[in-house]
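Structure at a glance
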Amino acid sequence: MSGISIILVFIVAFLAGVEGILDEFEFHQPLVACTLIGLVTGHLPECLMLGGSLQMIALGWANIGAAVSPDAALAAVASAIILVLGNQGTKGVDTAIAVAVPLAVAGLFLTMIVRTLSVAVVHRMDKAAEDANFKAIEIWQLIAIALQGLRIAIPAMALCFIPADIVQGFLQSMPAWLTEGMSIGGGMVVAVGYAMVINMMATPEVWPFLIIGFCLAAIGDLTLIALGAIGVCIALIYLKLSENTGVAGAAAGTGDPLGDILDDYE
Amino acid sequence: MAEENKKVALTVADRRAVMLRSTFLQGSWNYERMQNGGWCYAIIPAIKRLYTTKEEQSAALKRHLEFFNTQPYVASPVMGVTLALEEDRANGAPVEDQAIQGVKIGMMGPLAGVGDPVFWFTLRPILAALGASLAISGNIIGPILFFILWNVFRMGFMWYTQEFGYKVGMEITKDLSGGLLGKVTKVASILGMFILGALVERWVSINFVLPVSTITNAEGSFIDWANLPAGAEGIHTAISQFAGGYFLEPTRVTTLQDNLNSLIPGFVPLLLTLLCMRLLKKNVSPIVIILCLFLVGILGHVIGLL
């Protein structure tokens, strides 16, 4: 690969890494990422085919809530580079697809690491907020984005210089207990975020609603939209009822003879 | 609140700047407060316009560094409502921190419930499949078509829903005498807690695979695979036996998770959340908790508990 190609591959890989987290322009979708790698290395036809085929596999990969899906960005960029280096033309597409899936898992691993590092970044932002330092918050946001870009760009650079079979051997040697254990941990750490919000919002008055929401969520047929509708209705009913008792209380005691008697004793 | 009484108001340019910055919403996505950094980054132009003293600006920045997470495009309507609330607050309306936080949390869950299926599981697969089928046959139009259609739709959606949210947000705060804002605050905090309860159940996942008991099913209560009639008749027998309540295997394994789920589904995630709340109140750093949880995940998996 020529020097200019390598620089352009770096840029494409960086964009794919950034988009892997932002999910806005969709540069990280194999359809776009592989095509761009093909474009800058002069292997457009086979990379276009690889992109299309990988895209079909990755159609349902999406980051939902805090769950992280297999990483399309690393899968697309790295498998395209392997295809280009293999120099077999369209015959190499199938092998490239085969390496893409373990790469997607490796990428998932990397994004989890960066997402943990970003905790430190937002703590810097907290400090900057103390002094109302807008510039610092903006710079830290851009640093976090750059970290996600480098997450793909660095492995991509490495691939340009390492023989493909060594890469493949390494990917297969990654122990299952580590990757599986990490994803189990990932399922649990979400609780930390929720705990912080609950700590902030909880008052004795609204606690019961958390429990109601929790219990109803066990009914799998209820989508989040349905749960939202139930939540709004419960809140409105509660509001109405608490208003009614408030008005009655102001007008004529509690409107309840026994309650009045009890009140007198207090 | 009448327009002419306002001291400060957000201009169209401010709102457009916020929308463009929302592109970076997920840039500092982290396991502690998720999209908080990107949200704060996006709202900075509005804070600069609305607040002049250092104290107010600092308070506003801190307010918007709190937890937030939703599907990135449907964050725009939430942002619109938030901008309206901040504008009223800057003009002296008694909009409390809890109201702003409640609106954000209350809207994010249900909207993610709309955004995830619509964008990730409907629109993107359809457009991507269209582009991919063209690409496989070697047609360069495939990726270009996908890229342009997707981004035109996304940007249009983000701008118009943010504007829509902004207008709705203004209506909420107009009628202060009716105590509407107080009601909205209460509804928002109730809805927020309700949705949080649901999210704990749905999104915090712990699965204890540890087998608690292995029961041998009584003779004749499971499908006897070895002695089924040959061919399609065997399939027929097996399916009708299964439909009749026969077990598939001669033994039945009950995991710890099955036992816990029969108490109440999601019981352990709830306990974990409560534990995290306690630790946080005792000033244990969230990052320590996060690292410990990853460690627990790996160790638990190795010993066969998780």
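Keep in mind that this is a model prediction, so the values were computed, not measured. (Residues numbered from 1 in each chain as written. Chains lettered and ligands numbered in written order. Predicted model: local features only at pLDDT ≥ 70, side-chain atom pairs only at ≥ 80, totals over all residues. Heavy atoms only, no water.)

**Points about the interface of chain A and chain B**
As a measure of interface size, the accessible area lost when the parts come together is often cited. Counting from both sides, the interface comprises 104 residues of chain A and, opposite them, 111 residues of chain B. Taken together, the links from chain A to chain B amount to seven salt bridges. Between B:Lys186 and A:Glu205 there is a salt bridge, with its nearest N and O atoms 3.2 Å apart. Linking chain A to chain B there are 26 residue pairs in polar contact (both at pLDDT 80 or more). At the level of elements, helix H1 (3-22), helix H2 (30-41), helix H3 (44-57), helix H5 (93-130), helix H6 (134-161), helix H8 (176-201), helix H9 (207-217) and helix H10 (224-251) of chain A are the ones that each hand at least two residues to the side of chain A that touches chain B. In terms of residue count, the dominant contributor to the side of chain A that touches chain B is H8(A) (23 residues). Split by residue class, the side of chain A that touches chain B holds 66 nonpolar, 27 polar and 11 charged. (Contact = heavy atoms within 4.5 Å. Salt bridge = Lys/Arg side-chain N within 4 Å of Asp/Glu carboxyl O. Polar contact = N/O pair within 3.5 Å; in protein donor to acceptor, adjacent residues only side chain to side chain. Helix = DSSP H or I, 4+ residues; strand = E, 2+ residues; numbered from the N terminus. Nonpolar A, V, L, I, M, F, W, Y, C, P; charged D, E, K, R; others polar.)

**Comments concerning the confidence of the model for chain B**
Residue and element names in this part refer to chain B. In the predicted model, chain B carries a mean pLDDT of 86, and 95% of its residues have values of at least 70. Least confident of the elements in chain B is strand S1 (residues 211-216), whose mean pLDDT is 78; most confident is helix H2 (residues 36-50), at 97. Across the whole predicted complex the pTM is 0.76, and at the interface the ipTM reaches 0.76. (pLDDT = per-residue confidence, 0-100.)

**Here we look at the pattern of salt bridges**
Once the charged atoms of two side chains with opposite charge are near each other, the side chains can pair. Applying the stated criterion to the full structure yields 16 salt bridges over all chains. A:Glu130 is the partner of B:Lys62 in a salt bridge, and the nearest nitrogen-oxygen pair spans 3.5 Å. Linking B:Lys62 in helix H3 (residues 54-63) with A:Glu130 in helix H5, this pair reaches from one chain into another. Judged by relative accessible area, B:Lys62 falls into the partly exposed class, the value being 36%. Classification of A:Glu130 by relative accessible area gives partly exposed; the value is 48%. Here B:Arg33 ties to B:Glu32 by a salt bridge, and the two come within 2.9 Å at their closest N and O atoms. For B:Arg33, a relative accessible area of 6% corresponds to the buried category. Look at the salt bridges and you will find they share partners, linking B:Arg63, B:Glu86, B:Arg89 and B:Asp97 into a network. (Buried < 20%, exposed > 50% of the residue type's maximum accessible area, 1.4 Å probe, protein only.)

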